[in-house]
Amino acid sequence: MLKKEYYNKQLFKFSFYGFFKNLKFFEPFFILYLVKIGLSYSQIGILIAIREISINLLELPTGIISDSVGRKKTLIFSFISYIIFFLIYFFFKNFYILALAMFIYALGDAFRTGTHKAMIYSYLEQNGIKDQSTDYYGFTRSFSTLGSALVSILAAILVFYAGSLRILFLFSIIPHVIGAGLIITYPNEIDGATGKLTIKTFFKESWRVFVDFINDMKNITKASPIFLTAIYEGYYKSVKEFYQPILKTFAIGLTFSFLADENQKVAFVVGIAYFIIYMLSAASSNLSGNFKSLFKNYKTPAVVTLFIGTLAGAVAAIFARNNLFYFSFIFFTLVYIVENLRKPIQVSYISESFDSKILATALSATSSVATISAALISISIGFLADYYDIYISFIIISAIITTIS
């Protein structure tokens, strides 16, 4: 747990950034919305793959830009990209326009991933408390999951009373405007900019960052933490999207004396389910430091949690296919808990392996590898779900990753 003497204004700024960033009202109902407007699982898989592949292509260059021209600017641009995405999904239903919006979302994600973490670690390094990195980042991440927990309930209430999923995109704009304003107040000392850049100095600095990163990646001990972090993150990102139809099936089958409408049932169950998931995830994120202390190095907990998480996903699908939804929910929740337990540890693992000057690039590269796996897994789940069913697709994908882990 983080020591009380490190609690200050900047810690809570970092934390509330994550809180507002995660107030994406549409997320607990995203796949359900896409199904409702007539998209097949294959099309949904393609949309997710477009997002992930686009992130992959943009990840390294945006990381270099962040390390070169300043992290505050890139984060604000990221939030603007998200807002454009929300507006497009609110106003349009055409598959090709939605695909374009996914690219815009990917642009925002590419500029965001790694950038904020790099700012946190710059702050820790400047204040001589880098040894607190796992607990510090675990604390800030717990606010992110608390935001996700709260938005699950708020989104459910909106759907319950408005009877519309589309409105969730509009409400997502508000917290992202607040989040962009919060970033402006960050101290310039952790911005990471190299000063006023001309075109010449920009390319020179970008090339330096790129060469330093490539030289580091030639060392297998530095490539290893990136792979171990990315493979499970890609699995988690894909599986969490496609679990929503399973929750819907569970909700429709329930009998509530006070709920007769199908939309209200789904809103009630999905909202409560994700609230529980994110509250437990917030707790697990806060316990990352304690969990890491059980091991002598960073690699062992990375391997152990990778195996447990993917096995839990397979077991969750098996229970769901046999209509044992309560047990399925327990194991699906474990997939989330594992991700939030391991994420602060993995970020610390990577920060120990790379120079702080190129940390945003290294973290972006990690996300890049994660997006490759997420894209492949999403497409596979989508096509397998259309050919077999959503349960079989989960079992097959989870079993493959569990075996290779």
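Remember, predicted model here, so these are calculated numbers, not experimental data.

## Let's talk about the side chain of Ser328
Following the sequence through the fold, Ser328 ends up in helix H16 (residues 325-353). A relative accessible area of 0% places Ser328 in the buried class. In this structure, Ser328 is in contact with Tyr243, Ala316, Phe319 and Ala320, ignoring residues within four places of it in sequence.

## Focus on the nonpolar core
One finds Leu34, Phe85 and Tyr89 to be the most contacted residues of the largest nonpolar core, which totals 99 residues. The leading source of residues in this core is helix H7 (residues 133-162), at 10 residues. Counting residues in each nonpolar core, the second largest holds 7 residues, with Phe291, Leu341, Ile345 and Tyr349 among its members.

## Description of helix H1 (residues 9-21)
In this model, H1 (13 residues) spans 18 Å end to end at C-alpha, consistent with the 18 Å of a helix rising 1.5 Å per residue. When you tally the buried positions in H1, you get 10 out of 13 residues, the bulk of the element. Packed against the buried residues of H1 are helix H4 (71-91), helix H5 (95-112), helix H6 (115-126), H7 and helix H9 (173-184). Taking the backbone nitrogen of Gln10 as reference, a side-chain oxygen 3.2 Å away marks Asn8 as the first, capping residue of H1.

## Focus: a nonpolar patch on the surface
Side chains of Leu87, Phe91, Phe92, Leu170, Phe171, Ile174 and Ile178 sit close together on the surface and give an oily, nonpolar patch of about 620 Å² of accessible area. Mapped onto the nonpolar patch, the elements with two or more residues apiece are H4, helix H8 (167-171) and H9. When you line up the elements, Leu170 lands in helix H8.

## Here's the deal with the packing of aromatic side chains
If you walk through the whole model with that rule in mind, you get 43 aromatic pairs. With a centroid separation of 5.8 Å and an interplanar angle of 50°, the aromatic rings of Phe30 and Tyr89 are classed as tilted. Of this pair, Phe30 sits in helix H2 (residues 30-36) while Tyr89 sits in helix H4, placing them 59 residues apart in sequence. As far as the burial class goes, Phe30 and Tyr89 line up, both buried. For the pair Tyr274 and Tyr336, a centre-to-centre distance of 6.4 Å together with 75° between the ring planes defines the contact as edge-to-face. With Tyr274 in helix H13 (residues 262-286) and Tyr336 in helix H16, this residue pair connects regions lying 62 residues apart in the sequence. The exposure class of Tyr274 is buried, given its relative accessible area of 1%. Note on Tyr336: relative accessible area 1%, which makes it buried. Across the ring face of Tyr82, the terminal group of Lys24 is positioned such that the distance to the ring centre comes to 4.5 Å. For the cation-ring pair, Arg166 lies above Phe90, with the distance from its terminal atom to the ring centre recorded as 4.4 Å.

Rules behind the numbers
Residues numbered from 1 in each chain as written. Predicted model: local features only at pLDDT ≥ 70, side-chain atom pairs only at ≥ 80, totals over all residues. Heavy atoms only, no water. Helix = DSSP H or I, 4+ residues; strand = E, 2+ residues; numbered from the N terminus. Buried < 20%, exposed > 50% of the residue type's maximum accessible area, 1.4 Å probe, protein only. Contact = heavy atoms within 4.5 Å. Core = buried A, V, L, I, M, F, W, Y, C linked by side-chain atoms within 4.5 Å. Expected span 1.5 Å × (residues − 1). Polar contact = N/O pair within 3.5 Å; in protein donor to acceptor, adjacent residues only side chain to side chain. Patch = residues over 30% accessible without salt bridge, like charges linked within 9 Å, V, L, I, M, F, W, Y side chains within 5 Å. Areas by Shrake-Rupley, 256 points an atom, 1.4 Å probe, with all protein chains shown as cover. Salt bridge = Lys/Arg side-chain N within 4 Å of Asp/Glu carboxyl O. Phe/Tyr/Trp six-rings, centres within 6.5 Å; stacked < 30°, edge-to-face > 60°. Lys NZ or Arg CZ within 6 Å of the ring centre and 35° of its normal.

Remember, this is a structural readout, not a statement about activity or role.
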